[in-house]
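Residue-level listing of the chains:
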Amino acid sequence: MKKKIVFLTTGYFPDENPQSILLKNIVNELSKKKNLSLTLFTNQKKPFKHNKVKYEIYNLSHSYIWNILEKIIFFSSFSFVKFKYSKLINRICDYIETNNIQTIISFSNPYILNVIAYYVIQKKKINFFSNYSDPIFKTGYRKYLPFTFREKSIKKIEKKILESSNKIIFNNKFLAKFVLQNQNIKEKKNIKIIPHSYNETDFKLCFKRKLKHDKILVSYFGALNRIRNPLSFLDKIILLKEENRYLNFVFEFYGMRDAYINRIIKRKKMLFKKNNIFFYNKLSYFKSINEMFKKDILLSIDSLDIENVYLTTKIVQYLPLKKIVLNISKENSPTSDLANKNNFINIKNFEKLHISNQLNKLEKRYKKFRYNQSELDYYNSKNISKLWFKTINEIR
């Protein structure tokens, strides 16, 4: 008998949000399993379709009045969910009943999907897998004024979701520990660690070539914002270059940037250019892979100012390129742990001497880099999907 599963998501490939690409990797492999029947609820109007997957397109928008109510003291974007998304919740419930669905998996980014799925299982008693990409409580990415009590309401809804989930999926052990400790919850048996993945086919489709150049190209592919950015690192790079060091290093950044980063770039435009530091617009998914193959060194960035409990999608998707990565993150973080296992170079602080030492290592190693095949195999979507398949089959 087939297990009938609903994945609840927002974007889906060809949307190029990292979560959309990750879910595409998983669904592509799970759809091959004979004992699974998959339905994808997505607000992507034209999703990339697999022959054996059913698609239900929905709209996540709601009345403007709810946006006003969310700003009132005590409330947040997670307030009134069962009312403002009542049509979607009822639609999912009807689909579950009509099609005898046994499990709903919220592939949650944004977190509101976990909340919607929670209200679905209040009406339909089915299995619920809550998937954590990012925490929402006591995180540096979400700050609220104390007198609004928004953190208190967010803590309450997150705890309800954690306690009602048959399985809680985290992409790394650091994130799991962070979320549970914030909620004063002891280690739960229903927690599963299933990391991000890459799809090897995506990289085989791309045109691989090495360009001959005199410079050492260090390139970052991904979004930059006030919290996660390279600015402190680049300040030290400029100081080192002013000492006539690392003049052959070129730093490139491809991706979307928030207004704060764009203001800094505009103000320092000539200084950056003088020091071979360049910022470019975002590339499409496959164009970015093509561009990555041309680079000498790839760059991964995490903020050193807040909790480092994130396994960034980008560092996993760098793996099949088989190039050395310069990783900026705190010690004992998910990305530094992955970097160590894959023979990458870590920058753990922005002291000039430390950065200089790590660049020395980088300059010596990048041409002789040897990738870790076992790590490459582990993060392959074929293997990560086996972890999902095993977890789904644990529910009777």
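Residues numbered from 1 in each chain as written. Predicted model: local features only at pLDDT ≥ 70, side-chain atom pairs only at ≥ 80, totals over all residues. Heavy atoms only, no water.

Draft legend 1. Inspection of the packing of helix 5 (residues 112–123) against helix 6 (residues 150–164) at higher detail. Remark: helix 5 packs on helix 6, axes separated minimally by 10 Å, with the N-to-C direction vectors making an angle of 55°. For the element pair helix 5 / helix 6, the angle class is oblique. Between helix 5 and helix 6 lies a crossing of left-handed hand. In contact with N114, V115, Y118, Y119 and I121 of helix 5, helix 6 contributes I157, K160, I161 and S164. (Axes fitted to C-alpha atoms, helices over the stretch in contact; angles between N-to-C directions. Helix = DSSP H or I, 4+ residues; strand = E, 2+ residues; numbered from the N terminus. Parallel < 35°, antiparallel > 145°, perpendicular 65-115°, else oblique. Left-handed = near helix turned anticlockwise from the far one by under 90°. Contact = heavy atoms within 4.5 Å.)

Draft legend 2. Focus on the layout of surface pockets. Put simply, the largest pocket is a space of about 1,200 Å³. For the largest pocket, the lining is made up of 44 residues, of which N17, P18, A223, R228 and T313 are closest to its centre. At the level of secondary structure, the elements contributing two or more residues to the lining of the largest pocket comprise helix 1 (18–30), strand 8 (216–221), helix 12 (285–292), strand 11 (297–301) and helix 13 (313–318). In terms of residues, the lining of the largest pocket owes the most to one element, helix 12, which gives four residues. (1 Å grid on protein atoms, 1.4 Å probe; cavity = no way out; pocket = protein on both sides within 12 Å on 5 of 7 lines; lining within 4 Å. Points joined across faces, edges and corners; volume = space filled by probe spheres on them.)

Draft legend 3. Here's a closer look at the nonpolar core. Membership of the largest hydrophobic core comes to 57 residues, with the highest contact counts inside it found for F233, F249, F253, I297, L326, F344 and L359. Ranked by residues supplied to this core, first place goes to helix 9 (residues 231–242) with six residues. Not counting residues up to four positions away in its chain, the partners in contact with F344 are I315, L319, K323, I324, V325, L338, A339, R365 and F369. Residues V6, Y85, I116 and F178 belong to the second largest nonpolar core, which totals 46 residues. (Core = buried A, V, L, I, M, F, W, Y, C linked by side-chain atoms within 4.5 Å. Buried < 20%, exposed > 50% of the residue type's maximum accessible area, 1.4 Å probe, protein only.)

Draft legend 4. Layout of the environment of E200. Relative to the elements of secondary structure, E200 occurs in helix 8 (residues 200–204). Taking the C-alpha atoms as reference points, E200 and Q102, separated by 98 residues in sequence, lie 31 Å from one another. Once you skip the residues sitting within four places of it in the chain, E200 turns out to touch N380 and K382. Of note is the side chain of E200, whose polar atom sits 3.4 Å from the side chain of N380. At a separation of 3.3 Å, a polar atom in the side chain of E200 contacts the side chain of K382. (Polar contact = N/O pair within 3.5 Å; in protein donor to acceptor, adjacent residues only side chain to side chain.)

Draft legend 5. Spatial organisation of the packing of helix 1 against helix 17 (residues 381–393). Closest axis-to-axis distance for the helix 1/helix 17 pair is 9 Å, and the angle between their directions is 70°. Classed by the angle they form, the pair helix 1 and helix 17 counts as roughly perpendicular. Like other packed secondary-structure pairs, helix 1 and helix 17 cross with a definite hand, here right-handed. Between helix 1, through N25, I26, E29 and L30, and helix 17, the contact on the second element is made entirely by S381, K382, S385, W388, F389 and I392. By residue class, the composition of the contact of helix 1 with helix 17 is five nonpolar, three polar and two charged. (Nonpolar A, V, L, I, M, F, W, Y, C, P; charged D, E, K, R; others polar.)

Draft legend 6. Just a positive patch on the surface, in detail. A contiguous patch of positive charge, built from K2, K34, K52 and K54, is present on the exposed surface. Position of K34 among the secondary structure elements: in the loop between helix 1 and strand 2 (36–42). What makes K34 exposed here is its relative accessible area of 74%. (Patch = residues over 30% accessible without salt bridge, like charges linked within 9 Å, V, L, I, M, F, W, Y side chains within 5 Å. Areas by Shrake-Rupley, 256 points an atom, 1.4 Å probe, with all protein chains shown as cover. Salt bridge = Lys/Arg side-chain N within 4 Å of Asp/Glu carboxyl O. Lys, Arg positive; Asp, Glu negative; His and termini not counted. Charge placed at Lys NZ, Arg CZ, Asp CG, Glu CD.)

Draft legend 7. Local environment of the sheet that holds strand 5 (residues 127–132). Read from one edge to the other, the open sheet built from seven strands follows the order 3-2-1-4-5-6-7, with strand pairing classed as parallel. Either end of the sheet is taken by a strand with one partner, and the two such strands are strand 3 (53–57) and strand 7 (191–193). Shown here is a sheet whose adjacent strand axes are inclined to one another by a mean of 20°, direction ignored. Bridge count between strand 1 (residues 3–8) and strand 2: six bridges; the pairing is parallel. The residue of strand 2 that forms the bridge with I5 is L38. Helix 1 rests against strand 1, strand 2, strand 3 and strand 5 of the sheet, and its axis sits at about 160° to strand 2. (Pairing = 2+ DSSP bridges.)

Draft legend 8. Quick peek at the pattern of salt bridges. The full count for this structure, using the stated rule, is 17 salt bridges. In this structure, K268 engages D235 in a salt bridge whose closest nitrogen and oxygen atoms are separated by 3.2 Å. Of this pair, K268 sits in the loop between helix 10 (259–267) and helix 11 (269–274) while D235 sits in helix 9, and the two are 33 residues apart along the sequence. Looking at D235, the relative accessible area reads 33%, which means it is partly exposed. For D337, the salt bridge goes to K341, with nearest N and O atoms at 3.7 Å. Placement of the pair is D337 and K341 together in helix 14 (residues 334–341), with a separation of four residues, close to one helical turn.

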